[in-house]
Amino acid sequence: MSMSFREDNETIAALATMQGKTALAIIRISGKKSFEIIKKCIFPEEKFVKASPKTINLYKFLNNQTKKIIDEITAIKYEFPKSYTGENMVEIICHGSIVVIEEILSILNKNGIRFAKKGEFTRRAYINGKMDLLKAESISQIIQCNGKWQYKNAMEMYSGASKKKIKEMKNEIIEILAEIEAQIEFPEEDDVKGKKKENSKKIEKLLVKIEKEIEKREKVKIIDSGFIIPLVGIPNAGKSSLFNLIIGFNRAIVHHEEGTTRDAISEDVIIKGEKIKFIDTAGLNKTKNMIEILGIKKTWEYIDQGNLVVLVTPANNDIKDEEERIIELVGKEKIVAIISKKDINDTEKKKKILKNLKIQFIEACLIDENERSNIIDFIGSHIEEALKLNEDEYGIICNKRHEEIFLRIKKKVTEIIKKRDNNFEEIISFELKEILNDLEEFIGETNNEEILDSIFSEFCIGK
Ligand SMILES: Nc1nc2c(ncn2[C@@H]2O[C@H](COP(=O)(O)OP(=O)(O)O)[C@@H](O)[C@H]2O)c(=O)[nH]1
Ligand SMILES: [Mg+2]
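These numbers were taken from a predicted model, which means no experiment stands behind them. (Residues numbered from 1 in each chain as written. Chains lettered and ligands numbered in written order. Predicted model: local features only at pLDDT ≥ 70, side-chain atom pairs only at ≥ 80, totals over all residues. Heavy atoms only, no water.)

### Considerations on the overall build of the chain
Summing up its helical and strand segments, the chain has 16 helices and 13 strands in all. A compact globule built from 463 residues should have a C-alpha radius of gyration of about 23 Å, whereas the chain, at 30 Å, is more than 25% larger. Projected onto its principal axes, the C-alpha coordinates of the chain cover approximately 85 × 80 × 35 Å. The contacts of the chain with a sequence gap of at least 6 include a subset with a gap of at least 24, amounting to 66%. When the accessible surface of the chain is totalled, it reaches about 24,300 Å², and 50% of it is carbon and sulfur. (Helix = DSSP H or I, 4+ residues; strand = E, 2+ residues; numbered from the N terminus. Rg over C-alpha atoms; globule rule 2.2 N^0.38 Å. Contact = heavy atoms within 4.5 Å. Areas by Shrake-Rupley, 256 points an atom, 1.4 Å probe, with all protein chains shown as cover.)

Below you can see the structure in the form of structure tokens.
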């Protein structure tokens, strides 16, 4: 790479796996002195020195001062440049004991290896030309994703599909730009009007594309912050029973007395590969009890925040005022119903009411665990519908940096559209060139240390 980075000669190490009591742990070491330092702490040293790269061997890890054995380990050598970072690397697999890990890291440190900063391995990989910036970012996304959608989105970036889309966008802009430049050079050409119109359409198309990407990002953000499903209804409808059934254990108190649930409680469950936050709420009731009233106030807040609302409505009565209010507030496309107590009541009447109201529903017995998968399927299909998760809609924008660049571009394109009918060709041409710069920044044709710092600080240690 032709970029001028300050060369970093330090050898670094970090735990690449979870801190805690795990069967095994991986400690990564990267830098010029990796082999030289590790061989001092490994027994038999000779075996390590002679080991061929990328083969795994069994050793003992020693405190090279006291000669005490710390752990039995396996280690892999990676020889520059054929490693993740493009430097000499060693991966040590030891037992996942907090003491062992601490000892090994501290011995490495005493031998001149510094602890790695967040994302430092990947940063080195990027600097050494092992991967481009988008790929580096996608690795961070893959690790940190909260669900399948985000993961697949990140994989698009990892595979280079996002980069391809950006390049296409760049080419479209270059085409528009060429046309505008021609207009500036040869304003007396035939059919200037027709060409202007055509170009204008291309710019509009570009805006639509940009806006669509920003829209897709919004969807990812919803999933990222947790898709919220409050379970709501009148007292004793079976909300807490449903909550416990969905999360798979008895978290909420279930009781035949009204007003049992006062504080809203929540648990995350993975459905359709996405993290879904279910909230058990206080039943909507006409009560004089202050604590219950506060709980009910919270319920209305959750109804308002819900990405999808599940109304639990017992089979044995008509739709109550409170239930009607919920439906009205949420809107029919964002609410589904579960008719509870089908085992003890006739559900026909309730089914008719909900059909008339055009609300999708299923009937269930909420105290029967066998009904769980049916209920999850029902809710899952509505989650999918709400998110409209569609394979060919993976977005380009995967993080805040991307989002900021796209918002910037959107603003510029909007400005261009405002100006296009006047004879502002020169300004438009200037702004289009700026957008090209933005897109280049997006795919990481940058050597700005500040940008790199902010990107890699989002990573976890050891990556
Ligand atoms: N037979 C039957 N009882 C249910 C069903 N759902 C809930 N219950 C009972 O109804 C009462 C109230 O349930 P609960 O989950 O606390 O309702 P909540 O007030 O809406 O949270 C409890 O005694 C539950 O065991 C159901 O589908 N069938
Ligand atoms: Mg309850």
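### Some points on the site of ligand 1
Every one of the 17 residues lining ligand 1 counts as a neighbour, but Gly-238, Lys-239, Ser-241, Asp-343 and Leu-366 are closest to it. Here an oxygen atom of ligand 1 and a backbone polar atom of Asn-236 are 2.8 Å apart. Ala-237 places a polar main-chain atom, nitrogen or oxygen, 3.2 Å from an oxygen atom of ligand 1. Here ligand 1, which alone exposes 580 Å², has 88% of that area covered by the protein. A class-by-class count of the residues in the shell around ligand 1 yields eight nonpolar, six polar and three charged. (Near = heavy atom within 4 Å. Polar contact = N/O pair within 3.5 Å; in protein donor to acceptor, adjacent residues only side chain to side chain. Nonpolar A, V, L, I, M, F, W, Y, C, P; charged D, E, K, R; others polar.)

### Remarks on the confidence of the model for the chain
Confidence in the prediction for the chain averages 90 pLDDT; 97% of positions are at 70 or higher. Confidence drops under a pLDDT of 50 for residues 1-7, and excluding neighbours within four residues, the segment shows 14 contacts in the predicted structure. (pLDDT = per-residue confidence, 0-100.)

### Looking at the sheet that holds strand E6 (residues 89-96)
The strand order across the open sheet built from seven strands is E3-E4-E5-E6-E2-E1-E7, with neighbouring strands paired in mixed fashion. Of all the strands in the sheet, just strand E3 (42-43) and strand E7 (114-115) have a single pairing partner and so form its edges. As judged from the eight bridges shared by strand E2 (residues 22-30) and E6, these two strands associate in the antiparallel manner. Directly across from Ile-27, in E6, lies its bridge partner Ile-92. (Pairing = 2+ DSSP bridges.)

### Things to note about the packing of aromatic side chains
Taken as a whole and judged by the stated rule, the model has six aromatic pairs. Measuring from centroid to centroid gives 6.4 Å for Phe-35 and Phe-48, while their planes differ by 85°, and the two rings are edge-to-face. Of this pair, Phe-35 sits in helix H1 (residues 34-38) while Phe-48 sits in helix H2 (residues 45-50), placing them 13 residues apart in sequence. Just as Phe-35 is buried, Phe-48 falls in that class too. For the ring pair Trp-149 and Tyr-394, a centre distance of 4.9 Å and an interplane angle of 50° mean the geometry is tilted. With Trp-149 in helix H6 (residues 148-159) and Tyr-394 in the loop between helix H13 (372-387) and helix H14 (400-419), this pair connects stretches of sequence that are 245 residues apart. (Phe/Tyr/Trp six-rings, centres within 6.5 Å; stacked < 30°, edge-to-face > 60°. Buried < 20%, exposed > 50% of the residue type's maximum accessible area, 1.4 Å probe, protein only.)

### Observations concerning the packing of H6 against helix H8 (residues 192-224)
Look at H6 against H8: their axes get within 9 Å of each other, and the N-to-C directions meet at 135°. Classified by the angle their axes make, H6 and H8 are oblique. Between H6, through Trp-149, Gln-150 and Asn-153, and H8, the contact on the second element is made entirely by Val-220, Ile-223 and Asp-224. Classifying every residue of the contact of H6 with H8 gives three nonpolar, two polar and one charged. (Axes fitted to C-alpha atoms, helices over the stretch in contact; angles between N-to-C directions. Parallel < 35°, antiparallel > 145°, perpendicular 65-115°, else oblique.)

### Comments concerning the nonpolar core
Residues Ile-229, Phe-278, Ile-338, Ile-375 and Ile-379 are the most contacted members of the largest nonpolar core, which totals 34 residues. No other element matches the six residues that H13 contributes to this core. Setting aside its immediate chain neighbours within four residues, Ile-379 contacts Ile-229, Ile-246, Phe-278, Leu-308, Val-310 and Ile-338. Of all hydrophobic cores here, the second largest spans 29 residues; its members include Ile-166, Met-169, Cys-398 and Ile-435. (Core = buried A, V, L, I, M, F, W, Y, C linked by side-chain atoms within 4.5 Å.)

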